Amino acid sequence: MVLARSALGLVVACGLASSALAKPPTNEQIDAAVDSFKTKQREAVAAGQRTPAAHAEIAKAVLADVSLADLTIDQFEALDAGGLLRVAAGDETLRTGFATRLADLAKDTGASGARAAVLGTMMLPPPTGADRAKNLEALAVAVSAAMQHPGLAAALADGKASTVFRQASSAPADKLTGEFWTAAERLLGADLPPAVVAATPGLFDAALAEGAKIDAPTRERLRLAILGALDSAIGKTPQDQMKQRLERSKNYLNGAFARTGLVNQPAPEIDFTWTNFGADTRVAKLSDLRGKVVVIDFWATWCGPCVASFPQVRELTAHYKGYPVVVLGVTSLQGAVTQWKDGKPAGRVDTKDNPAKEYELLGEFIPALDMTWPVAVSTQDVFNPDYGVRGIPHVVIIDPKGVVRHRGLHPASDPPGKITKIDELLKEFNLPAPVKPE
């Protein structure tokens, strides 16, 4: 089977950056480009140049003498591993050159062709602006073609191309066809390396996404197939970070969110080992807040996006002061507390095996960061599998009867939308709500 460029969504009109006189790049040249990129990127960050466009210019400079038309799949993966490929794709000329070469390499029906097809899914125009819908659809087409590449099983068995699972979770779920899910089920039946298995929950994220064209029996078979792959990988992985990652993924696949979708389902209990509600308010578990709308913000002190969203959480808290709404920050023991100053991390205090010390430091962290909402430390991991928390911050809204109504929200995104959601719940349960200004 030969994959057409149109199937990958990688057809481009202009030529490659190389010329007839260009020499094929050597591996040493690629390694030097990656090293130079990392150095120049660090220098740019130190100088305050942090925009994607600035870093794409650096990538363009270090690749100026590289013949893109002659890159091998191994060299592409070396660029990707060095963090250069994704950044370089921010430059339209480089992205075009990469896409054309990868589409050509993807014609190979073996493992190397599949590796190229998967990397090619990363070389599409970004889904922004007026062309957002078109570019998202192109991503779905490219991911579906990569998933059905005849060499993908061999590539995955070699520990390559697992990015396809992450890319699947980024594609619009309603554009992934039945053939995509059939191919996914078939691939999961193979004996995959642990590092590849660790990426498979991204595939299930796509199956759970709104609008996914996958029926309940197929989704359940997929869940069980991923669980089987996780069990196998855990059994042959020594106790290290990879094993912990696999076990966390297994918990996620066994959690309420993976099994039921969670929305419009009873909120799984969360038990608290520490809170700062105050002596006059006893809250030992989530269900103690029944009767109010509860807005949970899963967070941690080390999480930059969490801290960056504190102003919006503060505003939401102030908006509902005196009303039956609780905005609650939920974290778990992390074994360390990150301190912040002027919006930047300013040190990390080790609290491993010392919960009392971590609680004490949290008590100092909360006023220092002007967290005006209550915070609780849960027995369950902050990456709570029952709530499908795979990244933080992550906001969940629970109604007064203890039913999850919204999940997967970002605390800094669409503040008016959150207020609308909360106000609708207050109205539904005949509870008072702030009066909207005229």
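Residues numbered from 1 in each chain as written. Predicted model: local features only at pLDDT ≥ 70, side-chain atom pairs only at ≥ 80, totals over all residues. Heavy atoms only, no water.

Caption draft 1: Examining the sheet that holds strand S2 (residues 293–298) more closely. With respect to topology, six strands assemble into an open sheet ordered S1-S6-S3-S2-S7-S8, the strand pairing being mixed. Both edges of this open sheet fall to strand S1 (272–275) and strand S8 (404–409), since each of them pairs with a single strand only. Strand-to-strand twist in this sheet, taken as the mean axis angle between neighbours without regard to direction, amounts to 25°. As paired elements, strand S7 (residues 394–398) and S8 share three bridges and run antiparallel to each other. Looking at S8, one finds that isoleucine 398 is bridged to valine 404. The strands touched by helix H20 (residues 415–428) are S2, strand S3 (325–332), S7 and S8; relative to S8, the strand with the most contacts, the crossing angle is about 170°. (Pairing = 2+ DSSP bridges. Helix = DSSP H or I, 4+ residues; strand = E, 2+ residues; numbered from the N terminus. Axes fitted to C-alpha atoms, helices over the stretch in contact; angles between N-to-C directions. Contact = heavy atoms within 4.5 Å.)

Caption draft 2: Seen up close, unusual backbone geometry. Cis geometry is found at the peptide bond from isoleucine 392 to proline 393, where omega equals 5°. Considering the arrangement of structural elements, one finds proline 393 in the loop between strand S6 (375–378) and S7. One non-glycine residue, aspartate 353, adopts positive backbone phi at about 60°. Take aspartate 353: it is sitting in the loop between strand S5 (344–350) and helix H19 (355–368). Positive phi outside glycine occurs at aspartate 370, with the angle close to 55°.

Caption draft 3: Quick peek at empty space enclosed by the protein. For the coordinates displayed, the defined rule picks out one cavity of 30 Å³ or more. The set of elements that each furnish at least two residues to the lining of the largest cavity consists of S3, strand S4 (336–341) and H19. Of the residues assigned to the lining of the largest cavity, the class counts are four nonpolar, four polar and one charged. (1 Å grid on protein atoms, 1.4 Å probe; cavity = no way out; pocket = protein on both sides within 12 Å on 5 of 7 lines; lining within 4 Å. Points joined across faces, edges and corners; volume = space filled by probe spheres on them. Nonpolar A, V, L, I, M, F, W, Y, C, P; charged D, E, K, R; others polar.)

Caption draft 4: Helix H13 (residues 201–208), seen in detail. For H13, the buried fraction is high: six of the eight residues fall into the buried class. For H13, the set of buried residues is Pro201, Gly202, Leu203, Phe204, Ala206 and Ala207. (Buried < 20%, exposed > 50% of the residue type's maximum accessible area, 1.4 Å probe, protein only.)

Caption draft 5: The arrangement of the nonpolar core in detail. One finds Leu63, Phe98, Met147, Leu203, Leu222, Phe298 and Tyr387 to be the most contacted residues of the largest nonpolar core, which totals 134 residues. Per-element accounting of this core gives the leading share, seven residues, to helix H14 (residues 216–235). Ignoring anything within four residues of it in the chain, the contact list for methionine 147 reads Leu152, Val164, Phe165, Phe180, Ala183, Ala184, Leu187 and Leu203. (Core = buried A, V, L, I, M, F, W, Y, C linked by side-chain atoms within 4.5 Å.)

Caption draft 6: Main features of the side chain of aspartate 91. Looking at the secondary structure, you find aspartate 91 in the loop between helix H5 (84–88) and helix H6 (92–105). Residue aspartate 91 is classed as buried on the basis of its relative accessible area of 10%. One polar contact links the side chain of aspartate 91 to the main-chain amide nitrogen of leucine 94, over a distance of 2.9 Å. (Polar contact = N/O pair within 3.5 Å; in protein donor to acceptor, adjacent residues only side chain to side chain.)

Caption draft 7: Summary view of the pairing of S2. Buried residues dominate S2, accounting for six of its six residues. Of the strand pairs in this sheet, S2 and S3 are connected by six bridges, and their pairing is parallel. Following the sheet pairing, aspartate 297 is matched in S3 by glycine 329. Summarising the sheet, S2 and S7 pair through five bridges and their orientation is antiparallel.

Caption draft 8: Seen up close, the pattern of salt bridges. Evaluation of the coordinates by the stated rule reveals 17 salt bridges. Salt-bridge contacts for aspartate 104 lead to lysine 107; the nearest nitrogen and oxygen are separated by 3.5 Å. In this structure, aspartate 191 and lysine 236 form a salt bridge, with 2.7 Å as the shortest nitrogen-oxygen distance. You can see aspartate 191 sitting in the loop between helix H11 (178–188) and helix H12 (194–197) and its partner lysine 236 sitting in the loop between H14 and helix H15 (241–254), a full 45 residues away along the chain. Each of Asp74, Glu77, Arg115 and Lys160 takes part in a single network of salt bridges with overlapping partners. (Salt bridge = Lys/Arg side-chain N within 4 Å of Asp/Glu carboxyl O.)

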